[in-house]
Amino acid sequence: MSQKLQTPQFKNIWNEELIYLFDLFERYGYEIRIAGGAVRDLLMGFEPHDIDLATTATPDQMKEIFEKENIRMLHTNGEKHGTVTVRLNDKENYEITTLRIDVLTDGRHAEVQFTEDWKLDANRRDLTINSIFLDRDGSIIDFFAGYDDIKHHRIKFVGEPATRIQEDYLRILRYFRFYSRICLDENSHCIQSIEAIKENASGLKGIAGERIWVEFRKIVCSRFADSLMKKIIDTNVHKFIGLPDVCDLKEFSRIYKIYENNLKNIPLPITMVCSLLHSAKEVLLF
């Protein structure tokens, strides 16, 4: 018997626009569910800022529906990956993505193929906590025990860690970022995940600096930032994201400890990064 979510936060997301979208897709014969980060946040007891949706409808089928119903579609550059963004009542934007599988990956990008299989889509996601779907009645669709990992404050990759990492090496940093959000203990890492991260750390050298910074800037100002930086150094990840071979972890930890219980006042991310460096030259190279 599937579990159902009936929290106040879940009930609060059902505005007129979201109800209309679900009614619309069901009227045209397509499945649609809440996906990804919104599900994770709701299961953690938070109300999500953004709600992403997944569907069995292809981008062409979605466009046909929206054109027929005179619904405004925004930028279309996500269509080749299956995503169509709509704006309803000039008020709410929703990203709706077709279920998909990766048919070819190079560690940075993926060529996708559309599917109607919810488990196959969940299988291509990075972490178990991000692989869960929610139906409109609150039913939790969880193929990889992600809800159990949320309840027990665990971070695990979907399936084989090395496989997930090699599909997109940025997932290494996403592991550390979500560790700070989910876990209660600074040293409860999954051994298999850490080993896979160490073995594949060099793959990060092929990732654009902008993508690395989006993730890393959140890690250095997060809960457990000092122990996470130690783990990043222990796994040699730091060598492939612009940091020197030898980082000043002592100075970084000293500053972090000052703000550990008041993270909203922690210095800016770039300041925290500079505390890891020894010279102006290293700052310029970062």
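A brief structural summary.

## Looking at the environment of Glu-95
Thinking step 1. The residue Glu-95 is located in strand S5 (residues 92-98) in this model.
Thinking step 2. With a relative accessible area of 36%, Glu-95 lands in the partly exposed category.
Thinking step 3. Glu-95 sits 89 residues away from Gln-6 along the chain, and the two C-alpha atoms are 23 Å apart.
Thinking step 4. Aside from chain neighbours lying at most four places away, what touches Glu-95 is Ile-51, Asp-52, Leu-53, Thr-83, Val-84 and Thr-85.

## Comments concerning helix H8 (residues 171-182)
Thinking step 1. Here H8 spans 16 Å end to end across 12 residues, near enough to the 16 Å set by a 1.5 Å rise per residue.
Thinking step 2. In terms of burial, H8 is largely enclosed, as 10 of its 12 residues are buried.
Thinking step 3. Regarding H8, the residues found buried are Arg-171, Ile-172, Leu-173, Tyr-175, Phe-176, Arg-177, Phe-178, Tyr-179, Ser-180 and Ile-182.
Thinking step 4. The elements touched by buried residues of H8 are helix H3 (37-43), helix H7 (161-167), helix H9 (191-200), helix H10 (209-219) and helix H11 (225-234).

## Concerning the sheet that holds strand S2 (residues 52-55)
Thinking step 1. The seven strands are arranged S3-S4-S5-S2-S1-S8-S9 in an open sheet whose pairing can be described as mixed. Edge strands, defined here as strands with exactly one partner in the open sheet, are strand S3 (72-73) and strand S9 (140-141).
Thinking step 2. Where strand S8 (residues 133-134) and S9 come together, two bridges link them in antiparallel fashion. Within S9, the residue paired with Leu-134 across the bridge is Ile-140.
Thinking step 3. Across the sheet, helix H2 (residues 16-27) touches strand S1 (32-35), S2, strand S4 (83-88) and S5, and the angle it forms with S5 is around 30 degrees.

## Quick look at helix H12 (residues 249-259)
Thinking step 1. Along H12, the positions that sit buried rather than exposed are Phe-252, Ser-253, Ile-255 and Tyr-256. Down the axis of H12, the sector holding all buried residues measures 165 degrees, keeping them to one side. Facing away from the buried side of H12 by over 90 degrees, the exposed positions are Lys-250 and Ile-258.
Thinking step 2. Check the buried side of H12 and you find it contacts H11 and helix H13 (269-274).

## Let's talk about the packing of aromatic side chains
Thinking step 1. For the coordinates displayed, the defined rule picks out eight aromatic pairs.
Thinking step 2. Aromatic pair Trp-118 and Phe-133: ring centres 4.9 Å apart, planes at 75 degrees, arrangement edge-to-face. Taken together, the residues Trp-118 in helix H5 (residues 118-123) and Phe-133 in strand S8 connect sequence positions 15 residues apart. Just as Trp-118 is buried, Phe-133 falls in that class too.
Thinking step 3. By way of ring pairs, the aromatic residues Phe-157, Tyr-175, Phe-176, Tyr-179 and Phe-224 are connected into one cluster.

## Observations regarding the pattern of salt bridges
Thinking step 1. A full pass over the atoms with the stated rule returns 24 salt bridges.
Thinking step 2. Across the pair Lys-4 and Asp-137 runs a salt bridge, and its minimum N-O distance is 3.4 Å. Here Lys-4, found in the segment before helix H1 (8-12), pairs with Asp-137, found in the loop between S8 and S9; they are 133 residues apart in sequence, far enough to count as distant.
Thinking step 3. The exposed category is assigned to Lys-4, whose relative accessible area is 51%.
Thinking step 4. Here Asp-137 falls in the partly exposed class, since its relative accessible area comes to 34%.

## Topic: the nonpolar core
Thinking step 1. Formed by 77 residues in total, the largest nonpolar core has its most connected members in Ile-34, Leu-53, Phe-66, Phe-176, Phe-216 and Val-237.
Thinking step 2. Per-element tally for this core: the top contributor is H8, with seven residues.
Thinking step 3. In contact with Val-237, not counting residues within four places along its chain, are Ile-172, Leu-173, Phe-176, Ile-197, Ala-201, Leu-204 and Ile-232.
Thinking step 4. Listed in part, the seven residues of the second largest apolar core include Ala-35, Ala-54, Leu-99 and Ile-141.

## Observations concerning the pairing of S2
Thinking step 1. Pairing analysis gives four bridges linking S1 to S2, with the strands arranged antiparallel. Considered in S2, the bridge of Ile-34 is made with Leu-53.
Thinking step 2. Pairing geometry for S2 and S5, over four bridges, is parallel. For Thr-55, the partnering residue across the bridge sits in S5 and is Thr-98.

## Some remarks on the side chain of Ser-180
Thinking step 1. Note that Ser-180 resides in helix H8.
Thinking step 2. Beyond its immediate chain neighbours, meaning those up to four positions away, Ser-180 contacts Ser-222, Arg-223, Phe-224 and Leu-228.

About the cut-offs
- Residues numbered from 1 in each chain as written.
- Predicted model: local features only at pLDDT ≥ 70, side-chain atom pairs only at ≥ 80, totals over all residues.
- Heavy atoms only, no water.
- Helix = DSSP H or I, 4+ residues; strand = E, 2+ residues; numbered from the N terminus.
- Buried < 20%, exposed > 50% of the residue type's maximum accessible area, 1.4 Å probe, protein only.
- Contact = heavy atoms within 4.5 Å.
- Expected span 1.5 Å × (residues − 1).
- Pairing = 2+ DSSP bridges.
- Axes fitted to C-alpha atoms, helices over the stretch in contact; angles between N-to-C directions.
- Arc of directions from axis to C-beta.
- Phe/Tyr/Trp six-rings, centres within 6.5 Å; stacked < 30°, edge-to-face > 60°.
- Salt bridge = Lys/Arg side-chain N within 4 Å of Asp/Glu carboxyl O.
- Core = buried A, V, L, I, M, F, W, Y, C linked by side-chain atoms within 4.5 Å.

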